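# Understanding the architecture of this molecule
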Amino acid sequence: MTQSYTNYILHLADNALILGQRNAEWCGHGPVLEQDIAITNISLDLIGQARSLYQYAAELKGNGATEDSLAFLRTEREFKNCLLAEQPNGDWAQTILRQFFVSTFQFYLYQSLLTHSDSTLAAIAEKSLKEVRYHLRWGSEWVIRLGDGTEESARRMNKAVSELWCYTGEFFVPADYETAAGSDPAGLKDAFYSKVREVFTQASLAVPENVFMHTGGKNGMHTEHLGFILSDLQYMQRAYPGCEW
Amino acid sequence: MNLLRKYYYGDIPEDKTGAVPPASASGHDWPLWEVFIRSKNGLEHKHAGSLHAADAKMAIENARDVYTRRMEGISIWVVESKYITATNPEEAGELYEPAVDKIYRHPTFYELPDEVNHM
């Protein structure tokens, strides 16, 4: 397998890990106990997906790479997650909307990977899809609940839309390693935005138009937030190399 | 000075005035729901606990996350707690004690063939 294909697997893994790490920041701080458990459940699902993908990437990479070395010992520029995944939690509305966008994309992406020629990747996609289906359902309900809720919740949801919309375009601009891996994210664009429109309509949220879309994350050009996430995430392994739980 | 304070559950305020979170921020204005879980096909739903949720749909999702994350169930029922009518513990005497000396209501006086299990 080529370096490029390994990068594709790492890209999928990084998306899951970084969003999982962001969601985990809510642990113990959720707005109510039930939602604290829900968001951390989703976080664990995502970290589980990341593990499967890192294990596979480590196998492809060889040279003693492990899931841990890939997660804990790569630098900011080596991470290939989309910019959306690393955006701050903000308030509950912003966290919900970020999850909804990523889950919607993952839902269509993993569906398309079910028929991928690499049977390992197809199997990981199949397992992950069950979780993502639930994340999408949960995220959609909360977007609708807040968007179509009180004046306050609608205001926060609209603010979240204006903060995050500009990061949705990156999903559909293929990096070289995506094209090489036979993935066509651009082909998922219509399905993604039509799902978003459907949910936004129910949520009485306006769909922004003509927004400049930020890109770069897939090729390691990140927003200023990723460095801080990694310093949290990687601290133990950097400070105590090889330390075990 | 009157600062805006917002506590999440589990947060301990540092000023020792006690944690009395505003109802709107803590979900205490959400009704309580009772959760019933069926652990596998053929078994009945059993009471698993209760939780707060704004409506039935949210109650189901909360129940899924709170009560089935360790593979406890395959089916969930929720019912708003206010719709459950319960007996009054103070009336236990008149309600239950009359049955105590009526052991003949248990079918324990029959000889059962060995082939009949689980009676």
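In case you missed it, the structure is sitting above this.
Thresholds, definitions, all that
- Numbering of residues starts from 1 in every chain and runs along the sequence as written.
- Numbering of ligands from 1 and lettering of chains from A proceed in the order in which they are written.
- Predicted model: local features are reported for residues with pLDDT of at least 70 only, side-chain atom pairs are reported and counted for 80 or more only, and whole-chain, interface and lining totals are derived from all residues.
- Derived side-chain values reflect all non-hydrogen atoms in the structure, with water molecules and hydrogen atoms excluded from consideration.
- Numbering goes from the N terminus for both helices and strands, where a helix is a DSSP run of H or I of at least four residues and a strand is a run of E of at least two.
- Exposed residues in this analysis have more than 50% of their type's maximum accessible area, buried residues have under 20%, and partly exposed residues fall in between, with area computed by a 1.4 Å probe over protein chains only.
- Any two residues whose heavy atoms approach within 4.5 Å are treated as being in contact.
- Accessible areas in this description were obtained via Shrake-Rupley with a 1.4 Å probe; residue shielding takes into account the shown protein chains only.
- Paired rings are identified among Phe, Tyr and Trp, the last through its six-membered ring, by centres lying within 6.5 Å, and are further divided according to the angle between planes into stacked (under 30 degrees), edge-to-face (over 60) and tilted (the rest).
- Counted as over-ring charges are cases with an Arg CZ or a Lys NZ within 6 Å of the ring centre that also lie within 35 degrees of the ring normal.
- Only the stretch in contact is used when fitting a helix axis, every axis being a line fitted to C-alpha atoms; angles between N-to-C directions are given from 0 to 180 degrees.
- What sets the label is the angle itself: under 35 degrees gives roughly parallel, over 145 gives roughly antiparallel, 65 to 115 gives roughly perpendicular, and the rest give oblique.
- Nonpolar residues are Ala, Val, Leu, Ile, Met, Phe, Trp, Tyr, Cys and Pro. Charged residues are Asp, Glu, Lys and Arg, and all others, Gly as well, are polar.
- By definition, the buried area sums, over both parts, the 1.4 Å-probe accessible area that each loses when the two are put together.
- We define a salt bridge as a contact between a side-chain nitrogen of Lys or Arg and a carboxyl oxygen of Asp or Glu at a distance within 4 Å.
- Side-chain atoms alone can form a polar contact between residues adjacent in sequence; in general such a contact is a pair of N or O atoms within 3.5 Å, and within protein one must be able to donate a hydrogen while the other accepts it.
- What a helix should span is 1.5 Å times the count of its residues minus one.
- Fitting axes to the seven residues that end at a residue and to the seven that start at it, the angle between those axes gives the bend at that residue.

## Things to note about the overall build of chain B
Scanning chain B for helices and strands turns up 3 helices and 3 strands. Listed N to C, the secondary structure of chain B is α-β-β-α-β-α in terms of helices and strands. Taking all 119 residues of chain B together, the buried fraction comes to 22%. At a minimum sequence separation of 6, the contacts of chain B that also span at least 24 residues come to 39%. Counting only carbon and sulfur atoms, one obtains 55% of the accessible surface of chain B, whose full area is about 9600 Å².

## A closer look at the packing of aromatic side chains
For the structure on display, the rule yields 19 aromatic pairs over all chains. Ring plane angle 45° and centroid distance 6.4 Å describe the contact between Tyr 5 of chain A and Tyr 8 of chain A, whose orientation is recorded as tilted. Placement of both Tyr 5 of chain A and Tyr 8 of chain A in helix α1 (residues 3-24) is noted, with a separation of 3 residues, approximately one turn of the helix. When sorted by exposure, Tyr 5 of chain A lands in the same class as Tyr 8 of chain A, which is buried. Aromatic pair Trp 92 of chain A and Trp 142 of chain A: ring centres 6.0 Å apart, planes at 90°, arrangement edge-to-face. In this pair, Trp 92 of chain A is assigned in helix α5 (residues 92-113) and Trp 142 of chain A in helix α6 (residues 119-147), connecting sequence segments 50 residues apart. Trp 92 of chain A gets classed as buried once you look at its relative accessible area, which sits at 11%. For Trp 142 of chain A, a relative accessible area of 7% translates into the label buried. Here the aromatic cluster, defined as three or more aromatic residues joined through ring pairs, consists of Phe 100, Phe 101, Phe 105, Trp 165, Phe 171, Phe 172, Phe 192, Tyr 193 and Phe 200 of chain A. The ring of Trp 142 of chain A carries the charged tip of Arg 145 of chain A above its face, separated from the ring centre by 5.8 Å. Arg 64 of chain B extends its terminal NZ or CZ atom over the ring of Tyr 134 of chain A, reaching a point 3.5 Å from the ring centre.

## Description of the packing of α6 of chain A against helix α7 (residues 151-164) of chain A
Residues and elements named next belong to chain A. Running from amino to carboxyl end, α6 crosses α7 at an angle of 125°, the nearest separation of the two axes being 7 Å. Between α6 and α7, the crossing angle belongs to the class labelled oblique. Side by side, α6 and α7 meet where Val 143, Arg 145, Leu 146 and Gly 147 of the first sit next to Ser 153, Ala 154 and Met 157 of the second. Here the residues of the contact of α6 with α7 are counted per class, giving 4 nonpolar, 2 polar and 1 charged.

## Observations regarding the interface of chain B and chain A
In this complex, chain B contributes 20 residues to the contact, which on the side of chain A involves 18 residues. Summed over both sides, the interface between chain B and chain A buries roughly 1800 Å², with carbon and sulfur atoms accounting for 49% of that surface. Counting every contact that joins chain B to chain A gives 3 salt bridges. The closest approach of N and O atoms between Asp 55 of chain B and Arg 145 of chain A, which form a salt bridge, is 2.9 Å. Counting every contact that joins chain B to chain A gives 8 residue pairs in polar contact (both at pLDDT 80 or more). Within the residue set of the side of chain B that touches chain A, elements represented by two or more residues are α1 (23-26), β2 (45-52) and α2 (56-67) of chain B. Counting residues per element, the side of chain B that touches chain A draws most heavily on α2 of chain B, which supplies 8 residues. For the side of chain B that touches chain A, the residue count by class is 9 nonpolar, 4 polar and 7 charged.

## Notes on helix α10 (residues 225-239) of chain A
Residues and elements named next belong to chain A. In this model α10 runs 21 Å from its N-terminal to its C-terminal C-alpha over 15 residues, within 8% of the 21 Å that 1.5 Å per residue would give. Taking the largest bend as the criterion, α10 deviates by roughly 50°, centred on Leu 233. Within the sequence span of α10, burial applies to His 225, Leu 226, Ile 229, Leu 230, Leu 233, Gln 234 and Gln 237. Residues of α10 that are buried sit in contact with α1, α3 (67-72) and α4 (83-86).

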